Amino acid sequence: MTVDATLTQAATPPGAATTPPSGTARPTGAAPPRDDAARRAELAAFLRSRRERITPEQVGLPRGARRRTPGLRREEVAHLGAVGVTWYTWLEQGRDIHVSPQVLDAVARALLLDRAERSHLFALAGAVDPVPGKECTGVPRALRQVLDQLAPFPAVIQNSRFDILAYNSTYGQLMCDLDALPEEDRNCMWLAFTHPQWRASVVDLDATMRVMAAKFRTSMAEHVAEPAWKALVARLTEASPEFREIWAQHEVVRPVSSVKLFRHPRVGVLELTATSLWTGPNPGPKLLSYTPVDETSRERLERLEKLARVSA
């Protein structure tokens, strides 16, 4: 692929350049170790596969009439990640270059990688992740705007592990103050089994916990070897006797009503209908929104949104 020179002027974060930095190129005629070459080839194939699975619409780009490339173009990934086009192209071509963790972080975000994929990227690149275990949420700005526009209806983006990836102001105050929680605790499973205020807000807590655990087990069938999933189960097992009891029963997905009851300490009981919309390939992240069943719940949601705005 020939890269247009005008495209190489894209902004480049610290640690990257459009030409290899001094001291990183191998001497002329020196062959790289075979394992390094294999690792770079695997990295190149991985980057291409992640790029080709993303549609322009997912990241707010126009498709255009002449698009023949599956997924995104290389220059589009570089633009989204604010890295040099030439630099990203060399990385995807498997060239023998050094890439900083900051550039890898930007590429991971541009490619909407999840935790497992992000960890795989850094391992292939032979780099240390500056934020290990941090979810690369992959929630584009356009989708965040949708969340905000749904207010006063609570809305949240979750993945199949129940990690809370993004939410609007009303959801952020529906069951507890999510903004006050550390990122590692923003997981609905963890909150349902351990957080007193979250648990108090769910009217039918026992049934909710059982359904969530069943859904989690069903989803985990495809992720049983992934450290993040196993770590969450271990953390819950240690922290919650209720989780240990429910988990030992090996239940899978059970029928559940879409109408949810929440008890908020300042606005009262809310009767809401839950609706899920997949934002990518099922079972990827989903947008979960709550709409009021009756006028009383609608009025209480509006009051909750005002409280959320005041506390922001």
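Please read all numbers here as calculations on a predicted model, not as lab measurements.

Each value, and the rule that gives it
- Residues numbered from 1 in each chain as written.
- Predicted model: local features only at pLDDT ≥ 70, side-chain atom pairs only at ≥ 80, totals over all residues.
- Heavy atoms only, no water.
- Helix = DSSP H or I, 4+ residues; strand = E, 2+ residues; numbered from the N terminus.
- Buried < 20%, exposed > 50% of the residue type's maximum accessible area, 1.4 Å probe, protein only.
- Contact = heavy atoms within 4.5 Å.
- Areas by Shrake-Rupley, 256 points an atom, 1.4 Å probe, with all protein chains shown as cover.
- Pairing = 2+ DSSP bridges.
- Axes fitted to C-alpha atoms, helices over the stretch in contact; angles between N-to-C directions.
- Patch = residues over 30% accessible without salt bridge, like charges linked within 9 Å, V, L, I, M, F, W, Y side chains within 5 Å.
- Salt bridge = Lys/Arg side-chain N within 4 Å of Asp/Glu carboxyl O.
- Phe/Tyr/Trp six-rings, centres within 6.5 Å; stacked < 30°, edge-to-face > 60°.
- Polar contact = N/O pair within 3.5 Å; in protein donor to acceptor, adjacent residues only side chain to side chain.
- Disulfide = S-S within 2.5 Å.
- Parallel < 35°, antiparallel > 145°, perpendicular 65-115°, else oblique.
- Left-handed = near helix turned anticlockwise from the far one by under 90°.
- Nonpolar A, V, L, I, M, F, W, Y, C, P; charged D, E, K, R; others polar.
- Core = buried A, V, L, I, M, F, W, Y, C linked by side-chain atoms within 4.5 Å.

Enquirer: Before we move on, can you summarise the overall build of the chain with the specific residues and values?
Expert: Within the chain, the regular secondary structure consists of 13 helices and five strands. Counting across all 312 residues of the chain, residues that qualify as buried make up 44%. For the chain, the share of sequence-separated contacts (at least 6 apart) that also reach a separation of at least 24 residues comes to 55%. Carbon and sulfur atoms make up 53% of the accessible area of the chain, which totals about 16100 Å².

Enquirer: I'd like a description of the sheet that holds strand E4 (residues 268–278), backed by residues and values.
Expert: The strand order E2-E1-E5-E4-E3 describes an open sheet built from five strands, whose pairing is antiparallel. Looking along the sheet, the strands with just one partner apiece sit at the ends: strand E2 (164–167) and strand E3 (259–264). Strand after strand, the sheet turns through a mean of 30° between neighbouring axes, direction not considered. Note: E3 against E4, six bridges, orientation antiparallel. Bridged to Lys260 within E4 is Leu272. Docked against the sheet, helix H13 (residues 295–311) engages E3, E4 and strand E5 (286–292), running at close to 85° with respect to E4.

Enquirer: Explain a nonpolar patch on the surface to me, and be specific about the residues and the numbers.
Expert: On the surface, Val203, Leu261 and Val269 cluster together into a nonpolar patch covering about 200 Å² of accessible area. The topology assignment puts Leu261 in strand E3.

Enquirer: I'd like to hear about the pattern of salt bridges, residue by residue, with values.
Expert: Two side chains bearing opposite charge may form a pair once their charged atoms approach each other closely. On inspection of all chains with the given rule, the structure shows 15 salt bridges. The partner of Glu92 in a salt bridge is Arg51, and the shortest N-O contact between them spans 2.5 Å. Of this pair, Glu92 sits in helix H3 (residues 85–92) while Arg51 sits in helix H1 (residues 34–52); the two residues are 41 residues apart in sequence, bridging distant segments of the chain. Like Arg51, Glu92 is buried. Between Asp206 and Arg210 there is a salt bridge, with the nearest N and O atoms lying 3.5 Å from each other. One end of the pair, Asp206, and the other, Arg210, are both in helix H10 (residues 205–220), four residues apart, so they sit about a helical turn from each other. Taking the relative accessible area as the measure of exposure, Asp206 reaches 44% and is therefore partly exposed. Look at the salt bridges and you will find they share partners, linking Arg50, Arg53 and Glu117 into a network.

Enquirer: Give a detailed account of the packing of aromatic side chains, specifying residues and quantitative values.
Expert: Scanning the model with the defined rule gives eight aromatic pairs in all. Measuring from centroid to centroid gives 6.5 Å for Tyr171 and Trp198, while their planes differ by 70°, and the two rings are edge-to-face. Pair noted here: Tyr171 is in helix H7 (residues 171–174) and Trp198 is in helix H9 (residues 196–201), with a separation of 27 residues, a long-range link. Like Trp198, Tyr171 is buried.

Enquirer: Can you break down the environment of Ser289 residue by residue, with the values?
Expert: Examined against the element boundaries, Ser289 turns out to sit in strand E5. Here Ser289 falls in the buried class, since its relative accessible area comes to 11%. C-alpha separation for the pair Ser289 and Pro154, spaced 135 residues apart in sequence, amounts to 5.8 Å. Beyond its immediate stretch of four places on either side in the chain, Ser289 contacts Leu150, Pro154, Ala155, Thr273, Ala274 and Thr275.

Enquirer: If you had to explain the side chain of His264 to someone new, which residues and values would you point to?
Expert: The residue His264 is located in strand E3 in this model. Among the polar contacts made by the side chain of His264, one reaches the main-chain carbonyl oxygen of Gln173 at a distance of 3.1 Å. Each residue touching His264, except ones within four places of it in the same chain, is listed here: Gln173, Leu174, Leu270 and Leu304.

Enquirer: Please provide a residue-by-residue account of the state of the cysteines, values included.
Expert: By the definition in use, this model includes zero disulfides. In this structure Cys176 is not part of a disulfide, and its nearest cysteine sulfur, from Cys188, lies 9.3 Å away. The class for Cys176 is buried, based on a relative accessible area of 1%. A relative accessible area of 4% places Cys188 in the buried class.

Enquirer: With reference to specific residues and values, describe the packing of H10 against helix H11 (residues 227–239).
Expert: Pairs of packed helices are described in terms of their axes, by the angle between the two and the distance that separates them. Their axes nearest at 11 Å, the elements H10 and H11 cross at an angle of 150°. Taken together, H10 and H11 sit at an angle that is classed as roughly antiparallel. Crossing geometry of H10 relative to H11 is assigned as left-handed. Between H10, through Phe216, Ser219 and Met220, and H11, the contact on the second element is made entirely by Trp229, Lys230, Leu232 and Val233. Here the contact of H10 with H11 is built from residues that sort into five nonpolar, one polar and one charged.

Enquirer: Outline the nonpolar core, supporting the account with residue identities and numerical values.
Expert: The tendency in soluble globular proteins is for nonpolar side chains to be buried as a group. In this structure, Ile164, Tyr171, Leu178, Trp198 and Phe216 are the most contacted members of the largest nonpolar core, which totals 41 residues. When residues no more than four places from it in sequence are discounted, the contact partners of Tyr171 are Pro154, Ala155, Val156, Gln158, Ile164, Leu178, Cys188, Trp198 and Tyr290. Among the nonpolar cores identified, the runner-up in size contains 28 residues, and Val107, Ala108, Phe122 and Leu124 belong to it.

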